[in-house]
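Next come the chains, spelled out residue by residue.
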Amino acid sequence: MNKLIRHMAFYLRAVNRYNAARFDIIRNRSVKIPPPSRPGRLFAYKLALNDRIETERGAPV
């Protein structure tokens, strides 16, 4: 279970960094634009993590 919590924390940190970068761009505080594939990758990671949680919990996927 500890490994799963670390994966969740990794995902949340990545999403927070992405959202902070987007907010900075909207406010014209940064010129560094995140890669366009980043939201898709984060969403794919979220779906995989959710499937993993569901299988460990024993619920049908």
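Everything that follows concerns the structure shown earlier in this document.
Worth saying up front: this structure is predicted, and the values here are computed from it rather than measured. (Residues numbered from 1 in each chain as written. Predicted model: local features only at pLDDT ≥ 70, side-chain atom pairs only at ≥ 80, totals over all residues. Heavy atoms only, no water.)

Draft legend 1. Region of interest: the overall build of the protein chain. When helices and strands are tallied, the protein chain shows 2 helices and 0 strands. For 61 residues, the compact-globule formula gives about 10 Å, and the C-alpha radius of gyration of the protein chain, at 15 Å, lies well above that figure. Judged by the C-alpha coordinates and their principal axes, the protein chain covers about 45 × 20 × 15 Å. A total of 61 residues make up the protein chain; the buried ones form 18% of that total. Here the analysis covers contacts within the protein chain between residues at least 6 apart in sequence; of these, 59% occur between residues at least 24 apart. As presented, the protein chain carries roughly 5,000 Å² of accessible surface, and 60% of it is formed by carbon and sulfur atoms. (Helix = DSSP H or I, 4+ residues; strand = E, 2+ residues; numbered from the N terminus. Rg over C-alpha atoms; globule rule 2.2 N^0.38 Å. Buried < 20%, exposed > 50% of the residue type's maximum accessible area, 1.4 Å probe, protein only. Contact = heavy atoms within 4.5 Å. Areas by Shrake-Rupley, 256 points an atom, 1.4 Å probe, with all protein chains shown as cover.)

Draft legend 2. Up close: helix H1 (residues 2–26). The end-to-end C-alpha distance of H1 is 36 Å, a good match for the 36 Å that 25 residues give at a rise of 1.5 Å each. Considered for burial, the residues of H1 that qualify are Leu4, Tyr11, Ala14, Val15, Tyr18, Ala21 and Ile25. One or two steps after H1, the chain reaches Asn28, where phi turns positive at roughly 60°. (Expected span 1.5 Å × (residues − 1).)

All we've got here are geometric facts, nothing functional implied.
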